[in-house]
Structure formats: C-alpha cells, structure tokens
There are 4 protein chains.
Amino acid sequence: MESNRNNDPSISGGCSVPSKVRRRSNSEASEVNVGGLKIGPNGVVVIAGPCAVESSEQLRETAYAVKISGGLILRGGAFKPRSSPYNFQGLGSEGIKLLKEISLETGLPFVTEVMDTRHVEFVSEYADMLQVGSRNMQNFVLLKEVGMQKKPVLLKRGMMATIEEFLLAAEYILSQGNDQVVLCERGIRTFETTTRNTLDLSAVPMLKHLSHLPVIVDPSHGTGLRWMVPTMAKAAIAAGADGLIMEVHYNPEEALCDGHQSINPEEFSALMTDLDKIARAVGRKLAKPEPSLI
Amino acid sequence: MESNRNNDPSISGGCSVPSKVRRRSNSEASEVNVGGLKIGPNGVVVIAGPCAVESSEQLRETAYAVKISGGLILRGGAFKPRSSPYNFQGLGSEGIKLLKEISLETGLPFVTEVMDTRHVEFVSEYADMLQVGSRNMQNFVLLKEVGMQKKPVLLKRGMMATIEEFLLAAEYILSQGNDQVVLCERGIRTFETTTRNTLDLSAVPMLKHLSHLPVIVDPSHGTGLRWMVPTMAKAAIAAGADGLIMEVHYNPEEALCDGHQSINPEEFSALMTDLDKIARAVGRKLAKPEPSLI
Amino acid sequence: MESNRNNDPSISGGCSVPSKVRRRSNSEASEVNVGGLKIGPNGVVVIAGPCAVESSEQLRETAYAVKISGGLILRGGAFKPRSSPYNFQGLGSEGIKLLKEISLETGLPFVTEVMDTRHVEFVSEYADMLQVGSRNMQNFVLLKEVGMQKKPVLLKRGMMATIEEFLLAAEYILSQGNDQVVLCERGIRTFETTTRNTLDLSAVPMLKHLSHLPVIVDPSHGTGLRWMVPTMAKAAIAAGADGLIMEVHYNPEEALCDGHQSINPEEFSALMTDLDKIARAVGRKLAKPEPSLI
Amino acid sequence: MESNRNNDPSISGGCSVPSKVRRRSNSEASEVNVGGLKIGPNGVVVIAGPCAVESSEQLRETAYAVKISGGLILRGGAFKPRSSPYNFQGLGSEGIKLLKEISLETGLPFVTEVMDTRHVEFVSEYADMLQVGSRNMQNFVLLKEVGMQKKPVLLKRGMMATIEEFLLAAEYILSQGNDQVVLCERGIRTFETTTRNTLDLSAVPMLKHLSHLPVIVDPSHGTGLRWMVPTMAKAAIAAGADGLIMEVHYNPEEALCDGHQSINPEEFSALMTDLDKIARAVGRKLAKPEPSLI
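Worth saying up front: this structure is predicted, and the values here are computed from it rather than measured.

Reading the values: rules and limits
- Residues numbered from 1 in each chain as written.
- Chains lettered and ligands numbered in written order.
- Predicted model: local features only at pLDDT ≥ 70, side-chain atom pairs only at ≥ 80, totals over all residues.
- Heavy atoms only, no water.
- Helix = DSSP H or I, 4+ residues; strand = E, 2+ residues; numbered from the N terminus.
- Rg over C-alpha atoms; globule rule 2.2 N^0.38 Å.
- Contact = heavy atoms within 4.5 Å.
- Areas by Shrake-Rupley, 256 points an atom, 1.4 Å probe, with all protein chains shown as cover.
- Lys, Arg positive; Asp, Glu negative; His and termini not counted.
- Charge placed at Lys NZ, Arg CZ, Asp CG, Glu CD.
- Buried < 20%, exposed > 50% of the residue type's maximum accessible area, 1.4 Å probe, protein only.
- Buried area = accessible area lost by both parts, 1.4 Å probe.
- Salt bridge = Lys/Arg side-chain N within 4 Å of Asp/Glu carboxyl O.
- Polar contact = N/O pair within 3.5 Å; in protein donor to acceptor, adjacent residues only side chain to side chain.
- Nonpolar A, V, L, I, M, F, W, Y, C, P; charged D, E, K, R; others polar.
- Least-squares fit on C-alpha atoms with pLDDT ≥ 70 in both.
- Pairing = 2+ DSSP bridges.
- Axes fitted to C-alpha atoms, helices over the stretch in contact; angles between N-to-C directions.
- Left-handed = near helix turned anticlockwise from the far one by under 90°.
- Phe/Tyr/Trp six-rings, centres within 6.5 Å; stacked < 30°, edge-to-face > 60°.
- Expected span 1.5 Å × (residues − 1).
- Arc of directions from axis to C-beta.
- pLDDT = per-residue confidence, 0-100.
- Disulfide = S-S within 2.5 Å.

### A few points about the overall build of chain A
Okay, step 1: Regarding its fold elements, chain A presents 10 helices and 10 strands.
Okay, step 2: For 294 residues, the compact-globule estimate of 2.2 N^0.38 gives 19 Å, and chain A sits close to it at 18 Å.
Okay, step 3: Dimensions of chain A, computed from the C-alpha atoms along their principal axes, are close to 55 × 45 × 45 Å.
Okay, step 4: For chain A, the share of sequence-separated contacts (at least 6 apart) that also reach a separation of at least 24 residues comes to 69%.
Okay, step 5: Element-wise, carbon and sulfur atoms account for 47% of the exposed surface of chain A, whose accessible area totals about 9,200 Å².
Okay, step 6: Taking the 31 positively charged and 34 negatively charged side chains of chain A as two groups, their mean positions are separated by 4 Å.

In structure tokens, the structure reads:
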C-alpha cells in the first residue's frame, strides 16, 4: 500500500496530496508542540473550554473544570465569526488578555481563533496556538500570515471542503515555513438537518493516511447537539483521532454562544473517564500533562 | 429530555417521528429475532459474507471463515442492484438456494436482498431476514410487501435519505404489521469523493434516540475502501451501533462485485478481536451464538 | 468536440456514457412518440395536470384548462409514492381508468407513474406514456419491466443521482429493447432549504450533449414553490429543454397532494404565452397539437 | 404574498431575512451605481474580462473585445484566491494598476477582487467596484472593511452558503453603512461532478423575492465548462438575473487561470446577440453604455 497511496483510487479516491503535508511512509507522523504539550501519535489530547470568552469568572471556572478532569489545552474565542452582524462578536483583544491570564493561572496552554491578518501578530504574542476557523479555511492571506508565525496552528476543515482542499489549505501554512499544523475535522454540510453538520469521521483515517499531520475532531460543532457530543467524541477516538476539541461551559443554558452544543463540567468529567477506556481499546491512552506543567 | 424528544430542535433538529417506530421512553429498545439470534440492546451482532453469491465453494469457504471468527449471521446477494445493466446481476433464485444450503450447513441464519415485489414470497421461504437496499428505501410497494411477511427486515438508509424519511420508510413496514425491523446506516452521498460515501455515524445515536428499533452500520459500503473498513467498524461500535454488516470475501481481488471494499478472512478475524475490546469499552460485548445454534 | 465528448474532463467532467443512450454526433437527437405527439429536437412540448387524480370533475376541469392553453399531454398520478404511509396514496387502478376516460374526451395523451412491476402491464394498456419516478430511478427491476413494454417512458432523475447514474438507468430501459425514453430533470437534493430541491438546469445541456434522448424539466418538484414555477419554467426552456412537465390544479389550495407547488389554470395560461416567447428567443417554438388530435 | 414573504414556508422555505437587505414590497428594487453604470431592475448589465490580469496586452485586447460586443464593466483578478499555494497567485498591486490604465483607456469601469483587509483601502482608490469572492463570503472582517468604503461591492455566494447565510453576509456590509451591494450566484457544491459547481438559478428569483438588492449570475464558475457558458447565461437572464459576470480571454487555451471556462471574443460577441433576445423575451433588454461613457 506504501508506494501508491496517493494515486490509486481504490485507496484514496484519487486524491492528490501536496508535497509538504504528504505522508511518505506508514510510520511517518508529526508531533505538534503546544506550549510544551505534544499532539501527535502518542497520547490523545483533549482541548476544551467555552465557545466564547464572556467574563473572567466564566473563563476561570470553566478552565479549572477542564483542568481537573484532565483537559490539557484551553480553548476560548475572543474574535468570533458569527453568521449575523447582530450576534455577539466576542470580547476582542480584551478576551485574548483574559485567556492569557487564566492560562497562566491554570497552567493550561490556550488556543484561540484569529480572523484578521492585522491581528495575527498581536494574538501570536499571547496565544500558544492559533486557530483558523472553518469559514476561513480558504482565506489564503490568513493562511500565509499564520504560516509566517512561530506558533502552532489548528486548522479547521471548511464545512464544504474536500479532503484535497483541506490538505492544500494546510500546505499554504507549511509552504511559509510553519510545519506545526494540526488538522481538525468539525463536520461537513450535507442535506441532513437533524444535526448541525454531518461529522465525517472517515476523514480521520483518510487524513492520517495521506498526511503526517496530527488530526483531531470537534464533536461540538460536528453535531451541534449537547447530548450527542459524548457519543461522537468516543467514536472519534475509535476512528483514530489524535485529540478532541470540545465546548465546555459552566452554565450552558446561559452561554452567549453555542450553549446548545456545550457540555457542562460534570458531563465533561464523566466523558473523560469514558474516553480513556476507548483510547485504551485502540491501543492508546489519554495524554497526561507534562510534569512541569502541573 | 424524555417528554420533548420529538419536537425540540435543540435535541433532534425538529425531526418528526411517525408513531410506530417512535421511541417513547429512554429505556424502550426493541429486539429483532433473526433465526433465533437477537439484534438489539444487548450483545453487538456481526453480520458478514460476500457482496454476491458467486459459487458454492466461494460461499462455503467465506461462511465458515465468518463463523469461526464469531460472525453470527451470513449475508450474501443473489439479486443484485447494479448501476449498470452490463454488470453481474447475481445468481438469482439459484443464489438463494445456495445461501439456504450453506446456512443449514454452518448453522448461520442468513440475510439477503429482495428487489422485486414478485420475489418477496419466494425469498421469504428461504431467508431468515429480508434486506431492502439503499436504492429501494423509498420503493413503497416493496416496503409494504415485506411488511406483510413474517420475516425480519434489514432496512438500509437511502444514500440521499434524511433521518425523517428513513424512519417513515420503516413505518411503512411496521404499518403493515411487521415490527421486526433493523435500521442500517450505510453512508450518505456528499460532495466528498475520497470515500465512496460519507458514513454518517451521528445517525446511530440520533436513530436510537428517536426510535426503539435496533441500528446497525455497514462500513463496507459506507467507505468503499477495504483498508478503512476496520477503523470505521470500531468507530461505529463506539457510536453505539447494535451491530455491523460487512463484506467478507475469501479472495477480494477476484470478487465479482465490490472486491475493493471487501476484507478477507484474516482481516475479519483480527477485526473481531478489536471489536470486542471497543464493545467492552462502551459497556457492551460482542454477541455469542445461541448454544442451540453451535 | 465530436470525438472526445465522452472522456475529456474539460468537456463532460469525465462522465462515462453507456452505449445505447450515448450521442454519437452533434446532430443526433431522438424523437419520442407519445400518442402521436413527438418530444424531441423540434417544438417544445408542455405536459401538465394535477399531482394526483382526485375525482372525475377535478381531472376533467384541469385537463380542459391544460388543453385550452396549449398543453399537449396530460399528467396525473394514480399510484402515488408518498414519504409517509399515512398520506393519500392515490386512487390506484380507478385513477388510471379516469385518466383514460378524460384523455379520450379531451384528445390529450396521458402519462402516469407506475411503481410496481406487477402493475406495469395493466398501466401500459391504458397510458400513452409510463413514468418512472425519482424514488424509483434505481429500481432496476422496474426499469427492466418498462423496458419490455411498447410504451414510451418518462424517466425522472433521482434526487441524488449523478448524470452518469441517470444515463445508466436509461440504459437499463434501452437494453431491454425500448428506446422511447425521455429524461426529466426534477431537482436534486442539496443543503439549500428555501426550495424543496435545487433545480439543476445545467443538467439539460449536459444530458443533451452526452445523449441523444430528449430532455424535459419539472419546475414544480424542482422548486416546490408555486410562485417560482413560471420563472424556472422559462429558464428551463432557455437552457434548451425539449419540454416541461408541470403540476396544474384547478384549485391548488384544496389539492390532496402538492398544492403548494401547483399553479392554477390562469397562471398556466399566462405562462404558456411567456414560454412561447422564450422558445422563439432560442430559435424554437412551443409544439402545436397534431391536426388529427384537435 | 406581500405581508408574509419572510415567514411562510410555502413561500420562502422559512428563510429569515435580516433588516437592511430585506425587500419590503414587491416594487422595491435597489440600483447600484458602478462608475456611472446602474445595475438593477432595468437593463441587464454584462460584466466580462479575464480570470486573471496577465499582461498589458492580454488585458487591453480582451477589454476592447468586451467593449465592442456590449460588455459594460471590465472584470479581472489581480489578487487571486487559488486552492494551491503553487498556482499563479496574480500580479497583485501591479495588476490593479494595469486594470486602472485599461479602464481609463476603454472607458469601462472595472471590478476586481480584494482578499486582504490590508488591501481594501488601496484597491478602493483604483477600482470602481470591489469583489468579495466565494471563499471569503463569510470572512466577516473583510465584509466589515468593504462595508466602510464608498465603493460598490460585488458579493459572491459561498459555494456552501445557504440563501439565508448569503443575505446575512450582505447585511454585514450594509450594517457598516454601505448599501451599494450586488449579489452574485456562482454555483454551489453538490454531489454532481460533471460540472465544476451546480449553478443554482432558483437562487435568482428567491434572492430577488427576499431582498431589494440586484442579483447577477456567474455562468463561468457556475459550470466550469466553456461550451456550457452561453446556454447557462441565457437561462440566467430568463430566470430574472439583473446581470452576468463572465470570463472572457482572448486566447483561452493559453490562459494562466481558468482557461477551461473562459470563452473567446467571438463566442462572447455571438452570445451578446442571443442574450438580448432572451432579455426582450422576459420584458427587459441589455443595458447600453451611458452616453457620457462612450
């Protein structure tokens, strides 16, 4: 299977893979370093936190809940891409600073989305990892800009992006010199409407087959349904994901954003126990914090 | 969550569920009896066999391989729905008789597809379970006809069917008096082309949430890629599937149909060991044969 | 463009076309004879009538309205494929007989859907054209059965069928000896929800480019919106359609089926005038009835 | 139909329309002024030019060909969004200056894409209209930035965007004070692969029904097939489009970008004659240049 992985349609549907993201042997697998934590072929890393940073209290409570249950990286949005101009747009630079404060307090590195090329440098000063969101997966100027930073990048698949386009978007970042990229499947758009998106878990083995980059899954956006997040998180690990990113809120009913798909700290805690069982059933385990970070 | 499972969009996307397939409480879960074997909330049942019955030897060898590794039900196509009129169309009634013969020899009940209302009675005399395929999910006359039989039905989701349409198709069968229906997710059609279909694993928790009927997954058609079948089979169990149906061929390279997505007996055997681990990680286990059937 | 129309991706996206439906030169175009009327490269033919036959009065009033405004073929459903078993399923054989009666009265040939292989012979005795509906486009036993009749067939594209699959479905009919097939684009399923389906008008030039068979369009199912039917009917003619099939009801608000997408006789009459203008703008005109049929 | 156009699912599929783009009466229709030319409810405006500016000679020859045949606005890309980082990325600011030069020479106003918030001010100094491309339809920071300019904006529908999301994207621009927005349907992504995208012409009447903004169509990207562009251009006018934007290249075989979907000057000239006929058949005509611009 080795030699022809990239052009035999019976193996990868004829997908053409650009050179820097391409995996060249079955054993090749990159590790991405996020503030000392490694995302890659070993332990499964869980990233969690609120959709949007709302306040110091909200972020702190949620972050500690994440940490106590074994989450290793904090997520939180400060610049929010919202379909409507009249929705809450995030706290902006103030949110970035809050994330940094709580990150230092808890010892959890953090990832946050950057939407504007003009903000990339500023956000890079604070964040441990830059997220490029679904809607910006083909914002090529943004991809180039984060490709010029020294910070790892979490690249989310566009909701209607093919695997090939997703890998080309990652190639934009690597082509600028930044090879610290984590790919994230977060659901694609189909005709089905009971779920917000259709989580394409077959993208996990396919991406890992074609590329050496780590692959994680976002079951929160992938389903849009709070009750379904734990089930699909488990399925993602079974499908071989190197990690998960999930929305956790200390009070989902009151969240300013995406409350309907956020789980609360108790649900998160129970889920982490289950995830470790699944990880072990596929020969892995949940990653533990670096001793120096505890 | 109990009372409003069927009309709160934050729970099921506003899906309307017809009365006979509807699940009325979190504990309601039907069991379907296939030749003495039960598909339902307990052990996870694996159905396996060739895409198409090709010969007595092919079917016998594959069937014993399935049985030895723990497969409990034999699958095999005699009437084949093929996109092109020039492709192999199956052995027809001769294939049905071969299936019966090997079924009696091995003690494995068998499921086979029926495509024509005029064949339903004949196939019902031989088969332990009738399959209605994807392309016939909205063949309403066929649904009514199998609904009038005393045999359990394996109903595959149409590749373009919403969850709501899928449940309505099942309702057609139940409305005729036959409540022995198993739902099967087998991949939907999306824009993605690296896989034959996009396996929609979120359909598993959604269907089980909305309906009391058992839900199984077909990772062979769902991916179309032999190397990906084991991974997605594991993910399906983690997502809560009550069973799997997979294409196994004793010599996939020479198969007359779907060889590119069939695994061989060795791969099947290795997979069964892995599946039991995943099943246990979600609090279940692989179903064992009824003592009387060994 | 002649020699490579079927394998140059810059021309037809790499679509492979089976032999009997394949168009071999730019001038090849079949004509299909429906009760003396010809659907093909000359005049644009309009088929119209109610979604379902409801009563003698309803059918008669609507049929005369269709005839008076220039509709040449009557449509009407007697066996109705309905998503839910609890919806009106049509009048069955009684509806077929009513269609025949009104057809003789008005002199309009009629087309009606057949869903069950066991009904094909019966319906063929009465109808001038057999319709195979969207949901049965890959009901291969039905395709073979209508392929063995001497009646022309109106084959509707499946709502998630590729152009290639659509042509293969037509090939099933031709391979049985019946070359009187008209292809009908009726909207495909996409993520968009403001319209019932997404009418794929580019299918019209593509199908005519690849195949010699006539191509018509169904703007009623294609949009699902009564107010949008006239606009899309005009666009279909501009795209090169050889005809249209539309739902007309003498009282859409009271229709037992698809009233929301049926236009009334006044709207139909106004539309026919507009359609002739469009047809002339693309070098064609609306077909007139055969003198012997008036 | 007036009062409930925005909430009756039988009319608009339940689409919710934001306040500034919403059409409040059947007679409301905005006009957008592009360098003195008006896009709106009157004459149909044709925008044409090369995919990418390649050289002074290429742009000049193509621009004169466009003008001679009745094209009123010149299009040309200087900053090109390309799926692969290794494809030609455009001439950048040099391309913008060439566009200005040829625009002054020919008297054709020009539209060009802007991708980076940092370039918006610069491009606004030169261009008569700013294009926000498909891939940036939900690049909300870019939408806000062009919303703060005094230049009209051509907003292309994202290939995965619903009608509702498209209107919300336009609302972002209007909410910043810029109401000079033209909506452009350019094909959506579906499962169909014979065409590059599926041109959704029903979006034209739907957008015009829901919003007062002008709507144009891009048959070049919508089909990806040079031979199909004229047919779908005609269908777009019949569907009620207020204009077209097309790729014309004086030598498509040698184009650095999108040659397979570009028509040549002779094809463009023949098409313009046909388009006028279609426009007249729906009660409109092709817009003529302002006398002062000739």
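The discussion continues.
### Concerning the side chain of glutamate 145 of chain C
Okay, step 1: On the secondary structure map, glutamate 145 of chain C appears in helix α5 (residues 140-147).
Okay, step 2: For glutamate 145 of chain C, a relative accessible area of 14% corresponds to the buried category.

### Side note on the interface of chain C and chain D
Okay, step 1: With 42 residues of chain C in contact, the opposing surface of chain D contributes 42 residues.
Okay, step 2: Both sides together, the interface formed by chain C and chain D hides about 3,300 Å², and carbon and sulfur atoms give 74% of it.
Okay, step 3: Considering only the surface of chain C that becomes buried against chain D, Phe191, Thr194 and Trp227 of chain C emerge as the three largest contributors, covering 20% of it.
Okay, step 4: For the pair chain C and chain D, the interface holds 2 salt bridges.
Okay, step 5: The closest approach of N and O atoms between glutamate 192 of chain C and arginine 157 of chain D, which form a salt bridge, is 3.1 Å.
Okay, step 6: For the pair chain C and chain D, the number of links is 4 residue pairs in polar contact (both at pLDDT 80 or more).
Okay, step 7: Listing elements by their share of the side of chain C that touches chain D, those giving two or more residues are α1 (9-12), α7 (203-210), α9 (229-238) and α10 (265-281) of chain C.
Okay, step 8: With 5 residues, the single largest contributor to the side of chain C that touches chain D is α9 of chain C.
Okay, step 9: Of the residues in the side of chain C that touches chain D, the class split is 24 nonpolar, 12 polar and 6 charged.

### A short note on the relation of the copies chain C and chain D
Okay, step 1: Mapping chain C onto chain D is achieved by rotating through 180° and translating by 0.0 Å along the same axis, at an RMSD of 0.0 Å. In short, the pair behaves as if placed about a two-fold rotation axis. In terms of C-alpha distance to the rotation axis, chain C has alanine 235 of chain C as its closest residue, with the C-alpha 2.3 Å off the axis.
Okay, step 2: A share of 100% of the interface residues of chain C reappears at the interface of chain D, consistent with the copies meeting face to face through the same patch.

### Some thoughts on the side chain of threonine 195 of chain D
Okay, step 1: Residue position: threonine 195 of chain D is located in the loop between β8 (181-185) and α7 (203-210).
Okay, step 2: Polar contacts involving the side chain of threonine 195 of chain D include one to the main-chain carbonyl oxygen of asparagine 197 of chain D, which spans 3.0 Å.
Okay, step 3: Residue contacts for threonine 195 of chain D: discarding those within four places in its chain leaves Ser202 and Met206 of chain C together with Thr223, Leu225 and Met228 of chain D.

### Observations concerning the interface of chain A and chain B
Okay, step 1: With 42 residues of chain A in contact, the opposing surface of chain B contributes 42 residues.
Okay, step 2: Taken together, both faces of the contact between chain A and chain B bury some 3,300 Å²; the carbon and sulfur share is 74%.
Okay, step 3: Sorting the residues of chain A by area buried against chain B places Phe191, Thr194 and Trp227 of chain A first, and these three jointly supply 20% of that buried surface.
Okay, step 4: Our enumeration of links across chain A and chain B arrives at 2 salt bridges.
Okay, step 5: When residues of the side of chain A that touches chain B are traced back to their parent elements, those giving at least two are α1 (9-12), α7 (203-210), α9 (229-238) and α10 (265-281) of chain A.

### Regarding the environment of arginine 24 of chain A
Residues and elements named next belong to chain A.
Okay, step 1: Along the chain, the position of arginine 24 falls in the loop between α1 and β1 (32-34).
Okay, step 2: Sequence spacing of arginine 24 and phenylalanine 191 is 167 residues, and the spatial spacing of their C-alpha atoms is 35 Å.
Okay, step 3: Polar side-chain contacts of arginine 24 include one of 2.7 Å to the backbone oxygen of serine 19.

### Remarks on the sheet that holds strand β7 (residues 153-156) of chain C
Residues and elements named next belong to chain C.
Okay, step 1: Spatially, the 8 strands close up into a barrel ordered β3-β4-β5-β6-β7-β8-β9-β10, and their pairing is parallel. Strand-to-strand twist in this sheet, taken as the mean axis angle between neighbours without regard to direction, amounts to 25°.
Okay, step 2: Across 3 bridges, the pairing between strand β6 (residues 129-132) and β7 is parallel. Bridge pairing links leucine 130 to valine 153 in β7.
Okay, step 3: Docked against the sheet, α5 engages β6 and β7, running at close to 170° with respect to β6.
Okay, step 4: Relative to strand β10 (residues 243-247), α9 is tilted by about 165°, and along the sheet it contacts β9 (215-217) and β10.

### Thoughts on the sheet that holds strand β7 (residues 153-156) of chain B
Residue and element names in this part refer to chain B.
Okay, step 1: Taken in spatial order, the 8 strands of this closed barrel run β3-β4-β5-β6-β7-β8-β9-β10, and their pairing is parallel. Within the sheet, the average angular offset between the axes of one strand and its neighbour, ignoring direction, is 25°.
Okay, step 2: Bridge count between strand β4 (residues 73-75) and strand β5 (residues 110-113): 2 bridges; the pairing is parallel. Each residue of the ladder has a partner; that of leucine 74, found in β5, is phenylalanine 110.
Okay, step 3: Set on the sheet, helix α5 (residues 140-147) makes contact with β6 (129-132) and β7; between it and β6 the angle comes to about 170°.
Okay, step 4: Running at roughly 165° to strand β9 (residues 215-217), helix α7 (residues 203-210) makes contact with β8 (181-185) and β9 of the sheet.

### Comments concerning the packing of helix α2 (residues 56-68) of chain D against helix α3 (residues 93-106) of chain D
Angle between the axes and distance between the axes are the two parameters that describe a pair of packed helices.
All names here are of chain D.
Okay, step 1: Across the interface, α2 lies against α3 with an axial gap of 10 Å and an inter-helix angle of 35°. Note that α2 runs across α3; the crossing there is right-handed. Together, Ser56, Leu59, Arg60, Ala63, Tyr64 and Lys67 of α2 and Leu98, Leu99, Glu101, Ile102, Glu105 and Thr106 of α3 make up the contact between the two elements.

### Things to note about the relation of the copies chain A and chain B
Okay, step 1: Note on the identical chains: chain A maps onto chain B by a rotation of 180° and an axial translation of 0.0 Å, with an RMSD of 0.0 Å.
Okay, step 2: Comparing interface residues between copies, 100% of those in chain A also lie at the interface in chain B; the contact surface is shared.

### Some words on the packing of aromatic side chains
Residue and element names in this part refer to chain A.
Okay, step 1: Here the structure, examined in full by the defined rule, presents 8 aromatic pairs over all chains.
Okay, step 2: Ring centres of phenylalanine 122 and tyrosine 126 lie 5.1 Å apart, and the angle between their planes is 55°; this geometry places the pair in the tilted category. Taken together, the positions of phenylalanine 122 and tyrosine 126, both in helix α4 (residues 120-126) and 4 residues apart, correspond to about one turn of that helix.
Okay, step 3: Under the relative-accessibility criterion, phenylalanine 122 is labelled partly exposed at 26%.

### A closer look at α5 of chain C
Residue and element names in this part refer to chain C.
Okay, step 1: Among the 8 residues of α5, 7 are classified as buried, and the element is accordingly described as predominantly covered.
Okay, step 2: Residues of α5 that are buried: Phe140, Val141, Leu142, Leu143, Glu145, Val146 and Gly147.
Okay, step 3: The inward-facing, buried residues of α5 abut α4 (120-126), β6, β7 and α6 (163-174).

### A word on helix α2 (residues 56-68) of chain B
Count 3.6 residues to each turn of an α-helix, and residues three or four apart come out pointing the same way.
Residues and elements named next belong to chain B.
Okay, step 1: Counted at 1.5 Å a residue, the expected span for α2 with its 13 residues is 18 Å, and the 18 Å between its end C-alpha atoms agrees.
Okay, step 2: Considered for burial, the residues of α2 that qualify are Gln58, Leu59, Thr62, Ala63, Ala65 and Val66. Each buried residue of α2 lies within a common arc of 160° when the element is viewed along its axis, so the set occupies one face.
Okay, step 3: Buried positions along α2 lie against β3 (45-49), β4, α3 (93-106) and α10 (265-281).

### Points about the confidence of the model for chain A
Residues and elements named next belong to chain A.
Okay, step 1: The predicted model of chain A has a mean per-residue pLDDT of 93, with 95% of residues at 70 or higher.
Okay, step 2: Considering only residues more than four positions removed or in separate chains, one finds that residues 1-7, a stretch of pLDDT under 50, has 20 contacts.
Okay, step 3: For this predicted complex, the interface score ipTM comes out at 0.94, while the overall pTM is 0.95.

### Details of the state of the cysteines
Covalent bonding between the sulfur atoms of two cysteines defines a disulfide.
Okay, step 1: Here the structure, examined in full by the defined rule, presents 4 disulfides over all chains.
Okay, step 2: Two residues share a disulfide in this structure: cysteine 51 of chain B and cysteine 257 of chain B, whose sulfurs sit 2.1 Å from each other. Of this pair, cysteine 51 of chain B sits in the loop between β3 and α2 while cysteine 257 of chain B sits in the loop between β10 (243-247) and α10; the two residues are 206 residues apart in sequence, bridging distant segments of the chain.
Okay, step 3: This cysteine, cysteine 15 of chain A, is not joined by any disulfide, and cysteine 184 of chain A carries the nearest cysteine sulfur, 18 Å off.

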